[in-house]
Amino acid sequence: MKKIFNLLLVAMLVCLTAVSVYAVPESATVVKDTYVNAAEDNYEVAYTVILPTDYKETEYYPVLLFLHGAGERGNDNVNQLNLVIDDLFATRPELLENTIIIAPQCPTDDQWVNTPWENGNYSVDEIPESKALKTALKILDEVSAAYGGDRAQTYIMGISMGGYGTWDAIMRHPELFAAAVPICGAADPTKAEVLKDMPIRTYHGSSDNVVPADGTRVMSRAIRAAGNKDFYYKSLNGVGHNAWEYAAVDGEMIDWLYTHTLADRYPEVLETGPRETAAPETEAPETAAPETTAPETDVPDASDSGSTNPSVAIVVIIIGVVVIAIVIITASKKKKK
C-alpha cells in the first residue's frame, strides 16, 4: 500500500510540473543576447527577444517591453521570463503571438530604479535614471530597429521592481510608449502632469507588505487630478505582493493595451514606410525555459492565482488518469498473485 501511495504521489508531482510548463509557443523564435552599453562604462544587460510565430522580415510588429521583479535578477537570461509572460500568452495568444516581446534582465544587486521599495513614492528629480533602465531602453531601441518593431505600437509593462521601472520610464520618456501597465510599483506624483495623456492601467494588492499600496494610490489620485481620461487603477482587495498573477490573466487589460497607438499623442509617428533592411541572422536557441520555482506569494485564494493553457491542462489530466490507472492495475495483479 505504501508503494502505491508513493507512486500516486510521483504521478501528482508530474501533473503539477506539467501544468506549469512555459507557455510561449514552440514555433516562436527566441533570441538571447547581452547588450554592452558603452555610454555607461560598458554596463552589461542580458536580454531575450521573442519574435512573432510567423515573423516576416518585411513587416512591422507591436512591441512589448517587459521589466521583471527583483527575484528574477541575474545574468542567466532565463529567470526574467518566469512570471507573467506565459500567462499573457495563455490569455490572449492571438495578440501575443504577433508581438515582439523584449525582456531584459537587470543584473544582480542593481535595480530598474535606485530607490528603496519599502519607501513607496520617490522624487524623479533627486534620483538619476539607473544604468539598468537606460540600458533596457537602448535594447528596446536597437531590437525594434533590427526586427521591425512598430514605434506607434510600443508598450511597456513591469511588476514590482519592474513596476517602478515602468513608471520611471514613462515619466522620463513618455514619447516612447503608446500605453503602460505598471504593476505593484510606485512613482513620483509631482510628475503626474507629464502623464496626463498617457494611457495607463495599473494594479496593486491592498495588503502588499513589500511595496506599499499607497505608492499606486497616491499616483492614481495625482494622475486623475491632472486630467488623465485613460487611466485605470485596480486595487486588489486582500491581495499581497503578487498583483501580477491577477493582472496577467486579465484579458481586458491585454485588449485595452493593443487598442492604443502612440500616434494618438504624436501624429508624426503614424507614417511608417516599408522596411528596407532585413533583421540580422541569428540562431534561435531552444524555446523551452528550464523548470524553475517562482517565489512564494501570499495568494488569498488559490483558485484565483493564475491561468493555465487549457490544452496543457487537458494533456495533464489524461496523463494523470493513465498513470493512476496503471498503478491500480499493477497493484491489483500483484495482490492476486
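Model, not experiment: these values are computed from the prediction. (Residues numbered from 1 in each chain as written. Predicted model: local features only at pLDDT ≥ 70, side-chain atom pairs only at ≥ 80, totals over all residues. Heavy atoms only, no water.)

A.B. asks: So what's going on with the sheet that holds strand E2 (residues 43-50)? Residues and values would help.
C.D. replies: The eight strands lie next to each other as E1-E2-E4-E3-E5-E6-E7-E8, forming an open sheet whose pairing is mixed. Strands with a single pairing partner mark the edges of an open sheet, and in this sheet they are strand E1 (30-37) and strand E8 (231-236). Looking at each pair of strands side by side, their axes are set apart by 20° on average, direction ignored. Along the sheet, helix H5 (residues 161-172) contacts strand E3 (61-67), strand E5 (149-159), strand E6 (179-183), strand E7 (200-205) and E8; its crossing angle with E5, the most-contacted strand, is approximately 140°. (Pairing = 2+ DSSP bridges. Helix = DSSP H or I, 4+ residues; strand = E, 2+ residues; numbered from the N terminus. Axes fitted to C-alpha atoms, helices over the stretch in contact; angles between N-to-C directions. Contact = heavy atoms within 4.5 Å.)

A.B. asks: Got a sec to walk through the environment of Asp125? Specific residues and values, please.
C.D. replies: Tracing the backbone through its elements, the reader meets Asp125 in the loop between strand E4 (100-105) and helix H4 (131-147). Taking the C-alpha atoms as reference points, Asp125 and Lys191, 66 residues apart in sequence, are found 9.6 Å from one another. With near-sequence residues (within four places) excluded, Asp125 lies in contact with Asp188 and Lys191. Only 3.1 Å separates the side chain of Asp125 from the side chain of Lys191, close enough to count as a polar contact. (Polar contact = N/O pair within 3.5 Å; in protein donor to acceptor, adjacent residues only side chain to side chain.)

A.B. asks: Before we move on, could you go through the packing of aromatic side chains and cite the residues and values that matter?
C.D. replies: For any pair of aromatic rings, the description rests on two quantities: the centre-to-centre distance and the angle between the ring planes. Enumeration according to the criterion identifies five aromatic pairs in this entry. In textbook terms, an aromatic cluster arises when at least three aromatic residues are bridged by ring pairs, as seen for Tyr55, Tyr61 and Tyr147. Here Arg201 stacks its cationic end above the ring of Tyr232, 3.9 Å away from the centre of that ring. (Phe/Tyr/Trp six-rings, centres within 6.5 Å; stacked < 30°, edge-to-face > 60°. Lys NZ or Arg CZ within 6 Å of the ring centre and 35° of its normal.)

A.B. asks: A description of the nonpolar core should follow, citing residues and the corresponding values.
C.D. replies: Counting residues in hydrophobic clusters, the biggest one holds 49 residues, and the most contacted among them are Ile100, Trp167, Ile170, Phe177 and Leu195. For this core, the secondary structure elements donating two or more residues are E1, E2, E3, E4, H4, H5, helix H6 (214-225) and E8. Sort the elements by how many residues they give to this core and H4 lands first, with eight residues. Other than its neighbours up to four places away in sequence, Ile170 contacts Ile156, Phe177, Ala180, Val194, Leu195, Met198 and Ile200. The next biggest cluster of nonpolar side chains, apart from the first, holds 36 residues, and it includes Leu81, Ile85, Ile254 and Tyr258. (Core = buried A, V, L, I, M, F, W, Y, C linked by side-chain atoms within 4.5 Å. Buried < 20%, exposed > 50% of the residue type's maximum accessible area, 1.4 Å probe, protein only.)

A.B. asks: Outline the pattern of salt bridges, listing residues and values.
C.D. replies: In this structure the tally under the stated criterion is nine salt bridges. Lys134 is paired through a salt bridge with Glu40; the nearest N and O atoms lie 3.3 Å apart. One end of the pair, Lys134, is in helix H4; the other, Glu40, is in the loop between E1 and E2, with 94 residues separating them in the sequence. We note a salt bridge from Arg92 to Asp255, for which the minimum N-O separation is 2.9 Å. In this pair, Arg92 is assigned in the loop between helix H2 (85-91) and helix H3 (93-96) and Asp255 in helix H8 (residues 251-258), connecting sequence segments 163 residues apart. (Salt bridge = Lys/Arg side-chain N within 4 Å of Asp/Glu carboxyl O.)

A.B. asks: Now, about the pairing of E6: what can you tell me, with residues and values included?
C.D. replies: Successive residues of a regular strand alternate their side chains across the two faces of the sheet. Of all five residues in E6, five are buried, a share of seventy percent or more. Side-chain alternation along E6 places Ala179, Val181 and Ile183 on one buried face and Ala180 and Pro182 on a second face that is also buried. As defined by bridge partners, E5 adjoins E6 across five bridges and the pair is classed as parallel. From the neighbouring strand, Ile156 faces E6, where its bridge partner is Ala180. A crossover connection joins E5 to the parallel E6 through H5; in handedness this β-α-β unit is right-handed. Here two bridges tie E6 to E7, and the two strands are oriented parallel to one another. What sits directly across from Ile183, in E7, is Tyr203. (Right-handed = clockwise from strand over helix to strand, strands pointing away.)

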